[in-house]
Amino acid sequence: MKNKTKRTKVWPVTLPADVRQLQEAADLLRSGGLVAFPTETVYGLGADARNTEAIRQVFEAKGRPSDNPLIVHIADKSQLDALVLPYPELAGRLMDAFWPGPLTFVLPVIPGAVSPLVTAGLDTVGVRMPDHPAALALIRQSGCPLAGPSANKSGRPSPTEAGHVLDDLDGRIGGVVDGGACGVGLESTVIQITGEDGVRILRPGGITPEQLEQAAPGVRIDAPTAAGEQTEAPRSPGMKYTHYAPHGEMVIVCGEPSAVAACIRKEAGLAKARGETTGVLAFAEHAAEYEADVVLSCGSKQELGQAAAGLYASLRHFDEAGIQRIWAEGCPEEGLGLALMNRLRKAAGGQVIRV
Ligand code: TXA
Ligand code: MG
């Protein structure tokens, strides 16, 4: 808590980001400071990926385990030349198809190109080009490849607004570039190309398996899904930690919609009778069926983009309301539903009821 007395600056940006608006933030990054910045997925906690002292402070500010590597953000494909060794041609094609965008590639790193803390000692580095004008402008203006984990305290829901960053990190980082709410709301999909042309999803995210499958048939998913629990150790170290969790105890309920609603109504009623505060995260189609202390609608089940965009803000909202027990309606693990259910399961510490 030694930085507690220092204030974290807020730099509002109006888009397209103007050079003068980002000057102070870019200077701070160049001199080894920590600046949170908006991306299309969630806010990142930026630091010069080559500066070990800056990266050490990132881990300290977040309270992040040191064996969990960071993603490096670039604004131009040419920046890869100084970061990674030759990579499969398929990776290049997928970059052209999905960058800028929520897709992170785990690639062989040039020894010494980034701080060893960024890669957590691995011989690979995660790289992505975010699809956000303020992020791209900040990377260009700072001249740094920006290491950027999500700008939350480790274990907390990722931040999708500048205010969430301040809730977790005020006084612990130099500043935050405020670009408003993030559009996608879930982190990037992390992939690695194995063998000749096998795409392996290490963390589901904003680019869906179906999108990848279209570009490169034969995609494999290396993450637990409803279909079966993971058998191998996760290749993406971050996947093994409890994550995104609200303070309240959360359970996901999956199944036929009317049975799901009946189960949640019953469980919430029992909890209320025990004197506990209750919250429900429901799709718009059923939100009116619940009587909890806080009922949040996450948009239509037919359009999961809205649920993804609002998920982390909803979890933080339950915390602000002091909710002790939370039930969330599950959804099919297709399209964005795969990443959504992955984050929900983690927020719930794996507690899923099937009805
Ligand atoms: O959308 C995002 O990816 C956001 C924004 C800010 O870009 N960033 C983000 O970073 O989610 P973070 O640190 O919260 O998550 C990074 C994930 C972790 O699961 C980590 O284990 C994995 O990427 N990762 C990073 N480098 C890796 C590597 N070399 N090999 C395997 N997994 C890696
Ligand atoms: Mg994170």
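Quick caveat: nothing in here was measured; it's all calculated off a predicted structure.

S.K.: Is there a simple way to explain the UniProt feature "domain: YrdC-like" (unreviewed entry) in the protein chain in this structure?
M.R.: Taking the numbering used here, the UniProt-annotated feature "domain: YrdC-like" (unreviewed entry) corresponds to residues 19–207. Within residues 19–207, the helical portion is 29% and the strand portion 21%, while the C-alpha atoms at the span's ends are 30 Å from each other.

S.K.: What is the right way to read the environment of Leu146 from this model?
M.R.: When you line up the elements, Leu146 lands in strand S7 (residues 146–147). Residue class for Leu146 comes out buried when judged on its relative accessible area of 0%. With residues up to four places along the chain from it excluded, the contact list for Leu146 reads Leu29, Phe37, Ala47, Asp48, Ile71, Val72, His73, Leu138 and Ile139.

S.K.: Help me understand the state of the cysteines, please; the structure alone is not making it clear to me.
M.R.: Two cysteines form a disulfide when their sulfur atoms are joined by a covalent bond. Applying the stated criterion across every chain yields a total of zero disulfides. Between Cys182, a free cysteine, and Cys298, which holds the nearest cysteine sulfur, the sulfur-to-sulfur gap is 18 Å. Unpaired in terms of disulfides, Cys298 finds its nearest cysteine sulfur in Cys331, a separation of 8.1 Å.

S.K.: What is the right way to read helix H9 (residues 304–320) from this model?
M.R.: The periodicity of an α-helix, 3.6 residues per turn, causes residues three or four places apart in sequence to face the same way. With 17 residues, H9 extends 24 Å between its outermost C-alpha atoms, agreeing within 8% with the 24 Å of an ideal straight helix rising 1.5 Å per residue. The largest bend in H9 amounts to roughly 45° and is located at Leu311. The set of residues buried in H9 consists of Leu304, Ala307, Ala308, Leu311, Tyr312, Ser314, Leu315, Arg316, Phe318 and Asp319. Residues of H9 that are buried sit in contact with helix H6 (162–169), strand S12 (249–254), strand S13 (278–282), strand S14 (294–297), strand S15 (325–329) and helix H10 (337–347).

S.K.: In this structure, what is going on with the side chain of Arg128? I would like to understand it.
M.R.: Topologically, Arg128 is positioned in strand S6 (residues 124–128). Judged by its relative accessible area of 2%, Arg128 falls in the buried class.

S.K.: Before we go on, may I ask you to explain the sheet that holds strand S10 (residues 198–203) in this structure?
M.R.: Within the open sheet, the eleven strands sit side by side as S1-S8-S2-S3-S7-S4-S6-S5-S9-S10-S11. Their pairing is mixed. A single partner strand is all that each edge strand has here, and the edge strands are strand S1 (9–12) and strand S11 (220–221). Sheet topology note: the S1/strand S8 (residues 175–178) ladder contains four bridges and is parallel. Paired with Trp11 across the strands is Val177, a residue of S8.

S.K.: Honestly, H10 in this entry has me stumped. Any pointers?
M.R.: When you tally the buried positions in H10, you get eleven out of eleven residues, the bulk of the element. Gly349 sits one or two residues past H10 and shows a positive phi near 60°.

S.K.: Explain the pattern of salt bridges to me, please; I cannot follow it from the model alone.
M.R.: Where charged atoms from two side chains of opposite charge come close, those side chains can pair. Applying the stated criterion to the full structure yields 19 salt bridges. When the shortest N-O distance is used, the salt bridge between Glu40 and Arg128 registers 2.8 Å. Highlighted residues: Glu40 in the loop between strand S2 (35–37) and strand S3 (44–48) and Arg128 in strand S6, separated in sequence by 88 residues. The residues Glu40 and Arg128 share a single accessibility class, namely buried. A salt bridge links Glu89 to Arg93; the shortest N-O distance between them is 3.3 Å. Taken as a pair, Glu89 and Arg93 lie in helix H3 (residues 89–98) at a separation of four residues, close to a single helical turn. One network of salt bridges, in which partners are shared, links Arg156, Asp168, Arg316 and Asp319.

S.K.: Is there a simple way to explain the domain arrangement of the protein chain in this structure?
M.R.: Interface extent is often summarised as the accessible area lost during association of the parts. Once the domains are mapped, the protein chain shows domain 1 (9–178) and domain 2 (249–354). Relative to domain 2, the C-alpha centre of domain 1 lies at a distance of 31 Å. Taken together, the contact pairs eleven residues of domain 1 with six residues of domain 2. Of the roughly 660 Å² buried at the junction of domain 1 and domain 2 (both faces included), carbon and sulfur atoms supply 49%. The partner of Arg156 in a salt bridge is Asp319, and the shortest N-O contact between them spans 2.7 Å. Linking domain 1 with domain 2 are four residue pairs in polar contact (both at pLDDT 80 or more), by the criterion used here.

Cut-offs applied
Residues numbered from 1 in each chain as written. Chains lettered and ligands numbered in written order. Predicted model: local features only at pLDDT ≥ 70, side-chain atom pairs only at ≥ 80, totals over all residues. Heavy atoms only, no water. UniProt positions renumbered as here; feature names shortened; annotations may be inferred. Helix = DSSP H or I, 4+ residues; strand = E, 2+ residues; numbered from the N terminus. Buried < 20%, exposed > 50% of the residue type's maximum accessible area, 1.4 Å probe, protein only. Contact = heavy atoms within 4.5 Å. Disulfide = S-S within 2.5 Å. Expected span 1.5 Å × (residues − 1). Bend = angle between axes of the 7 residues up to and from the residue. Pairing = 2+ DSSP bridges. Salt bridge = Lys/Arg side-chain N within 4 Å of Asp/Glu carboxyl O. Domains from an automatic or database assignment. Buried area = accessible area lost by both parts, 1.4 Å probe. Polar contact = N/O pair within 3.5 Å; in protein donor to acceptor, adjacent residues only side chain to side chain.

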